[in-house]
Amino acid sequence: MTLPTLACIWGELTNPYLFSMYRKTEFRERVEKICNDNWQTYLGTSEEYFWFNADDVIKAAQHKSDGLMVSYVKNLQKYLKCVDVEQSKQYEWNYPSKEEIATQQRDLQAIRTYALGNTKTKLRSQHALLYMRCNMMLGRHQENINYWEQTASQFIETVYKDMMQNIYAGALYKTGQDEKAGELFAEMGDYQSLMTQFYRKRSFQAIRQHYQKNPNSKVLPFLLQDFVNNCQEVIDANGGDWFDGKLFVRRINEQEATQMRQFCETVVREGKTETPIMWKSAKAWLEYLYGHQKQAATDILEASKLDGTDRMKDCARVLMLFITAKQAPDSEAFDDYLADELSWLKEMEQKEEDGYFYRAKTRISHQALMKHYQNNTDKLIAMMDVTNNYHYGEYIDTMRVGQLEKYFAYTNTPAKSNLDKYLKANLKKDEKAMTDLIGTKYLRLCQWDKAIKWLEYVPASFYNEAGYRMYVLLRKVSVEPWITRQWIKDADVDRAETYNWTVSENPKLLFAKEMQMMEGTMNVLSGKALCQRCYNLATYYAQANFTGDCWWLMRNGKSVSDTLRVNEVDLRAKTKELLQKASQTTDLALKEKALFALSYGELYNENQRWFTREWNNETYEYDRKTSSNSQQYRAFAALANFEKQNTTHTSQYVSRCDEYIQFRKQFH
Amino acid sequence: MSLLLCLLMTGCSERQELTEGNAVYFWRTDLKLDSIEQSFLQRYHINKVYCRYFDVVIDEEGTDPKPNATIAFSSTLPDSIELIPTVYITENCMHQKHPGLAEKIVKRIRQMNETNDIKHVNEIQIDCDYTSKSRKNYYQFLEEVKEAWGQTLSTTIRLHQLSMEPPPVDYGVLMIYNTGDPRKWEERNPILDIRDVQPYLKQLDSYSLPLAAAYPVYQWVRTIRNIRIEHTVEAKEILRVKEAVEKKRSNLKNVIITYHLDKDNINRYKPETYEEIYHH
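Quick caveat, the model's predicted, so the values are computed rather than measured.

Some thoughts on the overall build of chain A
Argument step 1. Along its length, chain A carries 34 helices and 2 strands.
Argument step 2. In chain A, buried positions account for 51% of the 668 residues.
Argument step 3. Of the roughly 32500 Å² of accessible surface on chain A, 49% is carried by carbon and sulfur atoms.

Structure below.
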């Protein structure tokens, strides 16, 4: 079946749906695999066959003196070239010429005639498929319907017959026989075609009508799954969980979902369905999604006793785990149950390749287990690690250092309970990263001695693998950011790459040691030297801050929306405090630098800046409104007053500063 | 070269400018116009249609650029209208050099014209959201396209690109839309808001490339937290922006393009609004 463009871009799911009624093994992939296996057998090779190569098969057929196969494959090859012409219109650089399109049409006619003439040979299924393929390309759908119904449907069961049936279903669809087509697509597991066909028919009403016509229609699992997953999308959006999933989401309102819940109950009661577990599980999950947790627990328990396919039973088990984890009190019994279910999920994850169990685990982790173990930090972190929780990285990055140290110790002690055993056996341990993180957390707290104790165990090579490696190589913490910004130039990056620069010493350890030394020896300094030390330290703090150029000392990444976080010292406040001290110096050059540094914009939040910006609807410009009580204003005022008194000594970095020039325009 | 450029003195620099004309972008996957769209072309004296021919994206292996979503030609444009094949290239295609890409694109456009009986094509346009990371490769690529095509070449210019040196093309189309942060939709219309355009206005006059101006008439529908959000730019906002940009660079009124030709977009605004947008 030729699918519209939309269906062709049906991507991988990112929303982990819990309601899954069938294995997502696409028809196309399945038949392709069988065809390739058939070619492998014909060629007599032990290597797995991935890609049909006509020339190889022709050679093998000639070797076997199999003339019929030679002519079939030659025609198949010609047919595939006709398909290529169609493909090249969309995706290839060589867009077909008029002549090529005319040749394609002529070839299709000729292959069609050849194939029909060979449908009584020993390769009749293959030739019949070729005949139907040509008809499909030529738009002769009615002929395909007739041929299948009168002839091909009687053929023996082969993959070629499956493919012919798929073409037949497509022809039915294209000639308006939707219902029949849908049943066939569902039977074959051709979900892309089903989505194309039912895209606009996915409401409760449509599902009910479909059920009423045939309570065991094979399309129903597809439609019901789609409906329930759409409800999940709606609820996710309400709850702020941004798991965007399907490409073809249909927004379902609560009234429609309620109708569906009631209808599911009716279907189970009527007893006409062969898969009551599907309807009852759907009801349970919808009850849960719409806030009826107790009813959901009752329904899923009942569902698990009903009939259905293996997949439906597995899905009910997954739903049971989710619903139970959300409601069960913290207990050893629950821990044991969870350990068993996590092991089962892992086993199923390896057994089933469609990703359902992996996605289910992700969702259970985020929405049920995190809350369940919120008061048991060690288990919580381990759980996040083994269930690939998206928040794991951020969680350990922002938690208190003491807790992380405790967790680190937990991971290295023998397990006591079943759940501990499961968790510890499945942790994705990275001791270097953990040690770096604990050391970094101490840097954030300015506890240099403790930072050094941890960072000493992290080799320099660790930082060569870090995403921020280039910044480590190209930036220095001793550069005054208010005078020189260390923008990275393309040429520098090129140079670093060309000469394969590497980080040769642990940069965080070096920083911690320098800070320890500079702060540790402050008490022996006084006067100008002390002020100079304060200024130097301020430079280091400003660089290590999240707005500094050496942000990588404290963070793994940088964003415009970064702010001061919990469990870290306000380095900007420290910078300003030290600059204030430095500005008390009698050394005029240092005093000027310190005052200038104090007016540096990156040391202030938006509401502490010396002006605010207000939009002017008349001029289409922002008007600057001076905030004379702001911290930065006071800093600029101090600098301006200093410069007024020392007019002959104004340094260029001050006199050429745009921001300062702007400030002076309104400061008298 | 068919593009009519005339010499005008603007500001303190000598810059070629474009002669007056009205145009639209056509951004669908099948060139098929209904009666409303056809009469729109006539009513607003549209003399150029910038028609998206195909996209160029990086292939599944993440290495080579390849065409995608190629247009089909179910019908043709009236003879009086010039068709300008437009190719959208994703920015990541320009993260590295792809020798021969320019020739491939030009050859494909030519073949599409020939196969589909599209005649008298004198100009092509390349659309790419290039950044400082991709600019160098993109400009070199444009030089190669120019060389391979041999006739008029234009490119789109996004507002943030005004701060870079101009690309080596005959003229640019200034895309005056998608100006806001889609995440801050409650504060600003992400399609167009004068406050987001304002910071770029000062660069307009000194930008040394001849420019046409493209304004948004489309709607962007998305669902945010279970609420259907329709972003549509109010007519008065489009006109306010048009006034502001033309105040900074008067010849931006010479060639006006709307993005994009579609029945719903035509019906979205009153005819008076379109008349004002297309007012020179």
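A short note on the nonpolar core
Argument step 1. Counting residues in hydrophobic clusters, the biggest one holds 200 residues, and the most contacted among them are Phe 19, Trp 279 and Phe 511 of chain A.
Argument step 2. It is helix H16 (residues 310-327) of chain A that contributes the most residues to this core, 10 residues altogether.
Argument step 3. Leaving out residues up to four positions away in the same chain, Phe 19 of chain A has contacts with Leu 224, Gln 225, Val 228, Asn 229, Met 278, Ser 281, Ala 282, Trp 285, Cys 315 and Leu 319 of chain A.
Argument step 4. In this structure, Val 24, Phe 26, Cys 93 and Ile 109 of chain B belong to the second largest nonpolar core, which totals 94 residues.

Some remarks on the packing of helix H6 (residues 124-138) of chain A against helix H8 (residues 159-174) of chain A
All names here are of chain A.
Argument step 1. Running from N to C, H6 and H8 cross one another at 20 degrees; their axes reach a closest spacing of 9 Å. One finds that H6 runs roughly parallel with respect to H8. Crossing angle aside, the handedness with which H6 passes H8 is left-handed. Contacts between H6 and H8 involve Ser 125, Gln 126, Ala 128, Leu 129, Met 132, Arg 133 and Met 136 on the former and, on the latter, Tyr 160, Met 163, Met 164, Ile 167 and Tyr 168.
Argument step 2. Across the contact of H6 with H8, the residue classes break down as 9 nonpolar, 2 polar and 1 charged.

Observations concerning the packing of helix H17 (residues 332-351) of chain A against helix H22 (residues 418-426) of chain A
All names here are of chain A.
Argument step 1. Remark: H17 packs on H22, axes separated minimally by 7 Å, with the N-to-C direction vectors making an angle of 35 degrees. Touching Asp 335, Asp 336, Leu 338, Ala 339, Leu 342, Ser 343 and Lys 346 of H17 are Asn 418, Leu 419, Tyr 422 and Asn 426, all from H22.
Argument step 2. A class-by-class count of the residues in the contact of H17 with H22 yields 5 nonpolar, 3 polar and 3 charged.

Quick notes on the confidence of the model for chain B
Residue and element names in this part refer to chain B.
Argument step 1. Averaged over every residue, the pLDDT of chain B is 90; residues scoring 70 or more account for 92%.
Argument step 2. Across residues 1-13, confidence stays below pLDDT 50; counting only partners more than four residues off in sequence or on other chains, it has 30 contacts.
Argument step 3. Model confidence for the complex: the whole-complex pTM is 0.69, and ipTM, which rates the interface, is 0.91.

Overview of unusual backbone geometry
Argument step 1. For the bond running from Tyr 259 of chain B to His 260 of chain B, omega is 5 degrees, close enough to zero to count as cis.
Argument step 2. Looking at the secondary structure, you find His 260 of chain B in the loop between strand E13 (255-259) and helix H6 (263-268).
Argument step 3. At Asn 388 of chain A, a residue that is not glycine, the phi angle is positive and equals roughly 55 degrees.
Argument step 4. On the accessibility criterion, Asn 388 of chain A (25% relative accessible area) is partly exposed.

Rules used in this analysis
- Residues numbered from 1 in each chain as written.
- Chains lettered and ligands numbered in written order.
- Predicted model: local features only at pLDDT ≥ 70, side-chain atom pairs only at ≥ 80, totals over all residues.
- Heavy atoms only, no water.
- Helix = DSSP H or I, 4+ residues; strand = E, 2+ residues; numbered from the N terminus.
- Buried < 20%, exposed > 50% of the residue type's maximum accessible area, 1.4 Å probe, protein only.
- Areas by Shrake-Rupley, 256 points an atom, 1.4 Å probe, with all protein chains shown as cover.
- Core = buried A, V, L, I, M, F, W, Y, C linked by side-chain atoms within 4.5 Å.
- Contact = heavy atoms within 4.5 Å.
- Axes fitted to C-alpha atoms, helices over the stretch in contact; angles between N-to-C directions.
- Parallel < 35°, antiparallel > 145°, perpendicular 65-115°, else oblique.
- Left-handed = near helix turned anticlockwise from the far one by under 90°.
- Nonpolar A, V, L, I, M, F, W, Y, C, P; charged D, E, K, R; others polar.
- pLDDT = per-residue confidence, 0-100.

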